[in-house]
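# Chains, contacts and geometry: an overview
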Amino acid sequence: MEEYFYSKIKTASTTIEKNDFKLSQLGNLKVNELKSVLANKLSISQELEIDTEVEISERIENINADSIVLVRALGIILDNAIEAAEQIDNGMIRVAFFRKLNKLVIVVVNSCSEEIPKLFELKKEGFSTKGENRGMGLSNLEQMVASTGNMMLDTKIDKGVFMQMLTVV
């Protein structure tokens, strides 16, 4: 019984504690709808054994943005990050929220395949790596964000790392 405890239960408990620690800063996010989607997606990421961390070092109590668009955009970004990180060995996802000059910046960084299409291809209208009539392409995501008037999306790909920075003015 002792062997079972240490090999199964104790290791699972340690993993849960480490994962909880990596997501512990979610407590600084006080916008419930955003916190909910973030907690859900990052929990899924951890269940898939993707190295997942979030950094929200300061308290964020409100966001000057359409919450429906913001939740949809972050959900899509995180879904894409999870899908990309899951496809490679030792995948990782990092999420950070911070304020800079009265703007809220949300950064999602994930590992991705070295064979990812070039950014200009990903931005083509209707393009999706998931095939036809599936997913929401980067072009559509950028259009949705731009339609708000106070949000911007910046995307970069470099050496197996995909970064999206969502800024709320």
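Residues numbered from 1 in each chain as written. Predicted model: local features only at pLDDT ≥ 70, side-chain atom pairs only at ≥ 80, totals over all residues. Heavy atoms only, no water.

### A closer look at the overall build of the protein
Each helix and strand counted, the protein has five helices and five strands in total. When the elements of the protein are put in sequence order from the N terminus, they spell out α-α-β-α-β-β-α-α-β-β. When each of the 169 residues of the protein is scored for burial, the buried share is 37%. Counted over contacts in the protein with a minimum sequence separation of 6, partners at least 24 positions apart contribute 64%. Total accessible area on the protein stands at roughly 10,200 Å², and carbon and sulfur atoms take up 49% of it. (Helix = DSSP H or I, 4+ residues; strand = E, 2+ residues; numbered from the N terminus. Buried < 20%, exposed > 50% of the residue type's maximum accessible area, 1.4 Å probe, protein only. Contact = heavy atoms within 4.5 Å. Areas by Shrake-Rupley, 256 points an atom, 1.4 Å probe, with all protein chains shown as cover.)

### Regarding unusual backbone geometry
Negative phi is the rule for most residues except glycine; trans is the rule for most peptide bonds. Look at Asn 102: it is not a glycine, yet its phi comes out positive at around 65°. Within the element layout of this structure, Asn 102 appears in the loop between strand E2 (92-100) and strand E3 (103-111). For Asn 102, a relative accessible area of 77% puts it in the exposed group. The phi dihedral of Lys 159 falls on the positive side, at around 50°, and the residue is not glycine.

### Notes on the sheet that holds E3
In sheet architecture, strand pairing relies on hydrogen bonds along the backbone and comes in two forms, parallel and antiparallel. The five strands are arranged E1-E2-E3-E5-E4 in an open sheet whose pairing can be described as mixed. What marks the edges here is a single partner per strand, and that holds for strand E1 (51-56) and strand E4 (151-158). Averaged over neighbouring strand pairs, the angle between their axes works out to 10° when direction is ignored. As paired strands, E1 and E2 are joined by six bridges and run parallel to one another. (Pairing = 2+ DSSP bridges. Axes fitted to C-alpha atoms, helices over the stretch in contact; angles between N-to-C directions.)

### Regarding the pattern of salt bridges
Scanning the entire structure with this criterion turns up five salt bridges. In this structure, Arg 94 and Asp 51 form a salt bridge, with 2.8 Å as the shortest nitrogen-oxygen distance. Separated by 43 residues along the polypeptide, Arg 94 in strand E2 and Asp 51 in strand E1 bring together distant segments of the chain. Given a relative accessible area of 28%, Arg 94 falls into the partly exposed group. Residue Asp 51 is classed as partly exposed on the basis of its relative accessible area, which comes to 28%. (Salt bridge = Lys/Arg side-chain N within 4 Å of Asp/Glu carboxyl O.)

### Points about the packing of helix H2 (residues 32-47) against helix H3 (residues 67-86)
Two numbers describe how H2 lies on H3: the axes approach to 10 Å, and their chain directions differ by 10°. Between H2 and H3, the crossing angle belongs to the class labelled roughly parallel. Each of Glu 33, Leu 34, Val 37, Leu 38, Lys 41, Leu 42, Ile 44 and Ser 45 in H2 lies in contact with H3, whose residues at this interface are Ser 67, Leu 70, Val 71, Leu 74, Gly 75, Leu 78, Asp 79 and Ile 82. Here the residues of the contact of H2 with H3 are counted per class, giving ten nonpolar, three polar and three charged. (Parallel < 35°, antiparallel > 145°, perpendicular 65-115°, else oblique. Nonpolar A, V, L, I, M, F, W, Y, C, P; charged D, E, K, R; others polar.)

### Topic: the side chain of Ser 111
Position of Ser 111 relative to the elements: it lies in strand E3. Separated by 2.8 Å, the side chain of Ser 111 and the backbone nitrogen of Met 92 make a polar contact. Excluding its chain neighbours within four sequence positions, the residues that come into contact with Ser 111 are Ala 84, Ala 85, Ile 88, Asn 90, Gly 91, Met 92 and Gly 160. (Polar contact = N/O pair within 3.5 Å; in protein donor to acceptor, adjacent residues only side chain to side chain.)

### A few points about H3
An α-helical segment advances 3.6 residues per turn. Residues three or four places apart therefore align on the same side. Taking 1.5 Å as the rise per residue, H3 with 20 residues should run 28 Å; its terminal C-alpha atoms sit 28 Å apart, in good agreement. Those residues of H3 that are buried lie in contact with H2, E2, E3, helix H5 (138-146), E4 and strand E5 (161-168). If you check the start of H3, you find a side-chain oxygen 2.9 Å away from the backbone N of Ile 68, and it comes from Asp 66. (Expected span 1.5 Å × (residues − 1).)

### Thoughts on the pairing of E5
Inspection of the sheet shows E3 paired to E5 by eight bridges, in the antiparallel sense. Within E5, the position partnered with Ser 111 by the bridge is Val 161. As paired elements, E4 and E5 share eight bridges and run antiparallel to each other. When the bridges of E5 are listed, Met 151 appears paired with Val 168. What sits between E4 and E5 in their antiparallel hairpin is a turn of two residues, with Lys 159 showing a positive phi close to 50°.

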